Amino acid sequence: MSEQLMTHGLVAFFSHIGAALVLLAIFIVIYIFITPYREIALIRAGNMAAAASLSGAVLGYCTALASAIANSISLVDMCFWGGIALAIQLLAFGIARLLIPGIVSDIPENKISSGIFLGALSLGLGMLNAACMTY
């Protein structure tokens, strides 16, 4: 492998992983902000429902973001589609609230079934989101 190609590849790798980590951090901050309960505090207290729901949200977003990275033609393109994925993934919580109105009280009460449902819904939406980015 040529030195020039390797250098270009390393620059592309680090720019994409850096942007992806920033987008992931933004997603987590926004997600935690839009939920009426404090996931991190609940997880620290051993709340498995909060852990399942936040884990599913992160995995769902990472799945969609990975597709944006794999299918992008540039860093700007990846960030654009990563932003679209972020917006779509945030809808998962809104959909869950429509389907199970009591979910905002179920998670803090450690109702694991609600946490698993929200996590699975987020992951499933992330998979669909990722598939839609294979253009």
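The coordinates are above.
Here is a short report on the structure shown in this document. (Residues numbered from 1 in each chain as written. Predicted model: local features only at pLDDT ≥ 70, side-chain atom pairs only at ≥ 80, totals over all residues. Heavy atoms only, no water.)

## Considerations on the environment of Leu21
Residue placement: Leu21 occurs in helix 1 (residues 3-34). Overall, Leu21 belongs to the exposed group, its relative accessible area being 52%. For Leu21 and Leu65, which are 44 residues apart along the polypeptide, the C-alpha to C-alpha distance reads 10.0 Å. (Helix = DSSP H or I, 4+ residues; strand = E, 2+ residues; numbered from the N terminus. Buried < 20%, exposed > 50% of the residue type's maximum accessible area, 1.4 Å probe, protein only.)

## Focus: the nonpolar core
Core analysis: the biggest nonpolar cluster contains 26 residues, and Phe27, Tyr31, Tyr37, Tyr61, Leu65, Ile107 and Leu118 have the highest contact counts within it. When residues of this core are traced back to their parent elements, those giving at least two are helix 1, helix 3 (48-71) and helix 4 (75-99). The element contributing the most residues to this core is helix 3, with eight residues. Not counting chain neighbours up to four residues away, the residues in contact with Tyr61 comprise Leu23, Leu24, Phe27, Gly82, Ala85, Leu86 and Gln89. (Core = buried A, V, L, I, M, F, W, Y, C linked by side-chain atoms within 4.5 Å. Contact = heavy atoms within 4.5 Å.)

## Concerning the pattern of salt bridges
Enumeration according to the criterion identifies two salt bridges in this entry. The closest approach of N and O atoms between Asp106 and Lys111, which form a salt bridge, is 3.5 Å. Relative accessible area serves as the criterion here: at 11%, Asp106 is assigned to the buried category. By relative accessible area, Lys111 is classed as partly exposed at 39%. In this structure, Lys111 and Glu109 form a salt bridge, with 3.5 Å as the shortest nitrogen-oxygen distance. (Salt bridge = Lys/Arg side-chain N within 4 Å of Asp/Glu carboxyl O.)

## Topic: the side chain of Thr35
With respect to the element layout, Thr35 can be found in the loop between helix 1 and helix 2 (39-44). A distance of 3.1 Å separates a polar side-chain atom of Thr35 from the backbone oxygen of Ile32. (Polar contact = N/O pair within 3.5 Å; in protein donor to acceptor, adjacent residues only side chain to side chain.)

## A closer look at unusual backbone geometry
It is generally the case that most residues other than glycine have a negative phi and that most peptide bonds are trans. Located in the positive-phi region is Asn110, a residue other than glycine, with phi close to 60°. We classify Asn110 as partly exposed; its relative accessible area is 30%.

## Description of helix 4
A rise of 1.5 Å per residue sets the reference length of helix 4, with its 25 residues, at 36 Å; its end C-alpha atoms lie 36 Å apart and thus fit the reference within 8%. The complete set of buried residues in helix 4 reads Asp77, Met78, Gly82, Ala85, Leu86, Gln89, Leu90, Ala92, Phe93 and Ala96. (Expected span 1.5 Å × (residues − 1).)

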